[in-house]
Each structure stands twice: as C-alpha cells, then as structure tokens.
Amino acid sequence: RDSARERSARGLTLVRPRTPPPVLARGRRPRAVGGIGTPRAAMSTKRIEGYDTDGRSFRSPADLWRHDRKMKGGSREDGGWYDHGVKYWENIPATVDGVLGGFGHVSGIDVKESKEFAARDDVMGAWLRDAIAGKGRRLAALDCGAGVGRVTKECLSDLFHDVDLAEPVAKFVDQAKIELTGHKGRFGGAAREFFVTGLEAFTPAPQAYDVIWAQWVLPHLTDSDMIAFFKRCSPGLRPGGFFVVKENIARDHFVMDNEDSSVTRTDDYFRALFKRTGLELMASQQQKEFPDDLFKVMMYALRFPVSEAPGAGGDAPMEGAAPEGKPPPQQQQRPPQKKQRVRPALID
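Procedures and definitions
Residues numbered from 1 in each chain as written. Predicted model: local features only at pLDDT ≥ 70, side-chain atom pairs only at ≥ 80, totals over all residues. Heavy atoms only, no water. Helix = DSSP H or I, 4+ residues; strand = E, 2+ residues; numbered from the N terminus. Buried < 20%, exposed > 50% of the residue type's maximum accessible area, 1.4 Å probe, protein only. Areas by Shrake-Rupley, 256 points an atom, 1.4 Å probe, with all protein chains shown as cover. Core = buried A, V, L, I, M, F, W, Y, C linked by side-chain atoms within 4.5 Å. Contact = heavy atoms within 4.5 Å. Pairing = 2+ DSSP bridges. Arc of directions from axis to C-beta. pLDDT = per-residue confidence, 0-100. Right-handed = clockwise from strand over helix to strand, strands pointing away. Axes fitted to C-alpha atoms, helices over the stretch in contact; angles between N-to-C directions.

(A) Broad picture of the overall build of the chain. Assigned secondary structure in the chain consists of 10 helices and 13 strands. Buried residues in the chain amount to 57% of all 348 residues. Accessible surface, the chain as shown: approximately 14,000 Å² in total, 49% of it carbon and sulfur.

Laid out in structure tokens, this is it:
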C-alpha cells in the first residue's frame, strides 16, 4: 500500500500527498469550472481546483472529469465511474469497521451530533417533539448509501418510525438485513425496505419520505448525477419534506480518490451545486468532535421551495421547515401516508 495514502471510512479517502501538486504549489489560479460531468451553471464564479490521490493536479472540476473519462474509458453515463467504485467496496469487509475504513471509533460521536442536528428547531425539532408526545404523522426516511445499516440502526431509527435503505453493494445489504432484524427504534419503528441500487439510478415512490438522508455517499456521484439525484427524488418527499446531507469537506481543494471513484468537495463546491439544483439551505452545522487530523465534516438540511420543486404542483403547503436560521412554523397534523458509509479523511 502506498505510504502516502491511507484508507478512510466509506465514501472518501485519506489523502496526504508527499509534495503539493505542481499547480497548487505554484499558486496558479484555476480556470472557470464547467464541462464534462459539471453543468456550466452548476458552479459559482469562484474558481475551484483540486488534485487526486496520486498527486495529479486539476485546474477545475471540468479538468477532473475530462481526465477521469480518459483514464477509465467512456463517459459518466456508461457506468464506468460507478462500476469502478462498487468493485472497490465489494472487496471491503461487510462490517462497521470495514465500511468506516478502520475508523469505527468515530461512529458514536457521528451519531450523537447527527441527532443533535436533526433535533434543531430549524430542522425537524417540531416533528420529533410531536412524535415523542405520540402526535403527528408517522415519519419515514430514506438512508442513502446505507452500507451495513449503521446509520439506520444507530441514528435514523431513533428519529423516524420507518426507514428504507438504498445501497449498491449486495453483500452490505445482506449484512444490513441481519443487523436490523428485530431492531426497534425509539418510536417502535424499524427498517422497512432494502433497495440494492446506486443513487445514480434510484427513483423513490411519490411522497414516500419525510427526509432523504445522504451521508458519506455523495462523493461517489458525479456533479451532474448529484444534481439529477436531488431533482429526481424531490417528488419522493412528502409536504414539508427535505434532504439531509452529511459529508466530508476538503479545506481548499477538491480531492479525487482514484481507487474508489469518489471526490471530496469543498464547502463552496457543495453549496454551488446545491444552488444550481434549486435547493434552499434550511440549516447547516459542522461536526465538532471529530479528531483534528480528519477532514472537516458538514451537515446540511436542504429543501426545494414548493414553487420550484421538480414535479410540485405549487399548491402543497411546506410544513416544519424554514430558511437557515429561522424556526419552522407549527406543523399541521396529517394522517399517515400510504404508499455510501463513513469516510472521515485526513485533511488536505
């Protein structure tokens, strides 16, 4: 194993190049972003550059995607990027420590702060208070890139009555079923359905979820597929529903892992993609208690304004959510609806 590179948990890579990549070392300003894998309007006017785990530098995301297509052969749409990533994870043990890349000791801290973020008044605090009081609707979530079910078992089952899991690696899904058999969360709910699929191909049933939770998995999506994922999943949210994103954040430059097909993006990079998608930021918070030698981790709660949500009729009320920094309105009561992978990584 290359001593300059260490593995991290599911979704990202630990990166510590021997020397700064030449473009970054010279301080050269990158080109404007856009191009293959990155819709031109997806990025802000801020210039974004990065490097890969072999120390190769990229002047923009477009430069990255052009290189990856050349090296792996074929475009984003032909499946090469995703097949490469899934093959990597098929060789990883189906255990919590396996999907966390040996960083299983951070799981408890991760879960604790995820629950604290969810309980904020500007996220889903009102929903949780109603659920604890035995009021309100039955809450459902989708765990994206669910791995062996760690996030569902330790976190989401205590926030929602029902949780579905989407994961492309079949042996991880098999282990998740074992881990979650008989498990009951805080409100007596449990894992409901298991989908063996990648997010680039997943489409939820209409109004199936209150929250779609994506943690340490979006680095495996290209820019264009991430935007398409959010738009395609919007009709799968119930009125007032939203997305939660929890991901590693590169400090100044994005980092591509050549081994597992993932890109650790900067906060500016993520926010520009959210903006291009049409998502509104409800709340954001940094994970506070991770070791200092790991990448910063950010949590974002995001929603589509009802008038802009793909597939929205424009007349459905948004409940329990508000722009960042403002508490949500009092939730209306509704009858029940019918019907990745941690990758903490060393700082760049």
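On we go.
(B) Main features of the nonpolar core. Judged by nonpolar contacts, the single largest core of 41 residues is most densely connected at Ile212, Leu218, Phe230, Phe243 and Tyr300. Here the element with the most residues in this core is helix 9 (residues 223-233); it accounts for 5 residues. With residues up to four places along the chain from it excluded, the contact list for Tyr300 reads Phe117, Phe243, Val244, Val245, Ile249, Asp267, Phe270, Arg271, Phe274, Leu281, Ala283 and Ser284. One finds Leu128, Leu139, Val151 and Cys155 within the second-largest nonpolar core, a separate group that totals 25 residues.

(C) Local environment of the pairing of strand 10 (residues 254-257). By the alternation rule, side chains of strand 10 split into Phe254 and Met256 and Val255 and Asp257, which are all buried. Taken together, the 3 bridges between strand 3 (residues 50-52) and strand 10 define a ladder with parallel strand orientation. Residue pairing in the sheet places Tyr51 in a bridge with Val255 of strand 10. As judged from the 3 bridges shared by strand 10 and strand 11 (residues 262-264), these two strands associate in the antiparallel manner. From the neighbouring strand, Val255 faces strand 11, where its bridge partner is Thr264. The antiparallel hairpin formed by strand 10 and strand 11 contains 4 residues in its connecting segment, where Ser261 sits at a positive phi of about 55 degrees.

(D) Summary view of helix 8 (residues 170-180). For helix 8, the set of buried residues is Phe172, Val173, Ala176 and Leu180. End-on, the buried residues of helix 8 take up no more than an arc of 100 degrees, which puts them together on one face. Along its buried surface, helix 8 packs onto helix 3 (80-90), helix 4 (96-99), helix 7 (150-154), strand 6 (162-167) and strand 7 (190-196). Looking one or two places after helix 8, you find Gly182, whose phi comes out positive at around 80 degrees.

(E) Structural detail: the sheet that holds strand 3. As summarised here, the arrangement of the 4 strands in space is 4-3-10-11, forming an open sheet in which the pairing is mixed. This sheet does not close on itself; its edge strands, each paired only once, are strand 4 (57-58) and strand 11.

(F) Quick look at the environment of Asp225. Note that Asp225 resides in helix 9. Beyond its immediate stretch of four places on either side in the chain, Asp225 contacts Tyr82 and Glu200.

(G) Representation of the confidence of the model for the chain within the structure. Averaged over every residue, the pLDDT of the chain is 79; residues scoring 70 or more account for 71%. In this model residues 313-323 is a low-confidence stretch, pLDDT under 50, and it forms 35 contacts with partners more than four residues away in sequence or in other chains. Considering only residues more than four positions removed or in separate chains, one finds that residues 325-348, a stretch of pLDDT under 50, has 110 contacts.

(H) Examining unusual backbone geometry more closely. One non-glycine residue, Trp216, lies in positive phi territory at about 50 degrees. Along the polypeptide, Trp216 turns up in the loop between strand 8 (209-215) and helix 9. Overall, Trp216 belongs to the buried group, its relative accessible area being 0%. Here Ser261, not a glycine, exhibits a phi torsion of approximately 55 degrees, which is positive.

(I) Focus on the pairing of strand 8. Burial analysis of strand 8 places 7 of its 7 residues in the buried class, which makes it a mostly covered element. Direction of pairing for strand 8 relative to strand 9 (residues 237-249): parallel, over a ladder of 6 bridges. By the bridge assignment, Gln215 is partnered in strand 9 with Lys246. Handedness of the crossover joining strand 8 and strand 9 through helix 9: right-handed.

(J) Expanded view of the sheet that holds strand 7. On the basis of which strands lie adjacent, the open sheet formed by 7 strands has the order 7-6-5-8-9-13-12 and mixed pairing. Both edges of this open sheet fall to strand 7 and strand 12 (280-286), since each of them pairs with a single strand only. Each strand axis lies, on average, 20 degrees off the axis of its neighbour in the sheet, ignoring direction. Here strand 12 runs beside strand 13 (residues 296-303); their pairing, made up of 6 bridges, is antiparallel. The partner of Ser284 across the bridge, within strand 13, is Tyr300. Across the sheet, helix 9 is in contact with strand 5 (140-144), strand 8 and strand 9; its angle to strand 9 comes to roughly 155 degrees.

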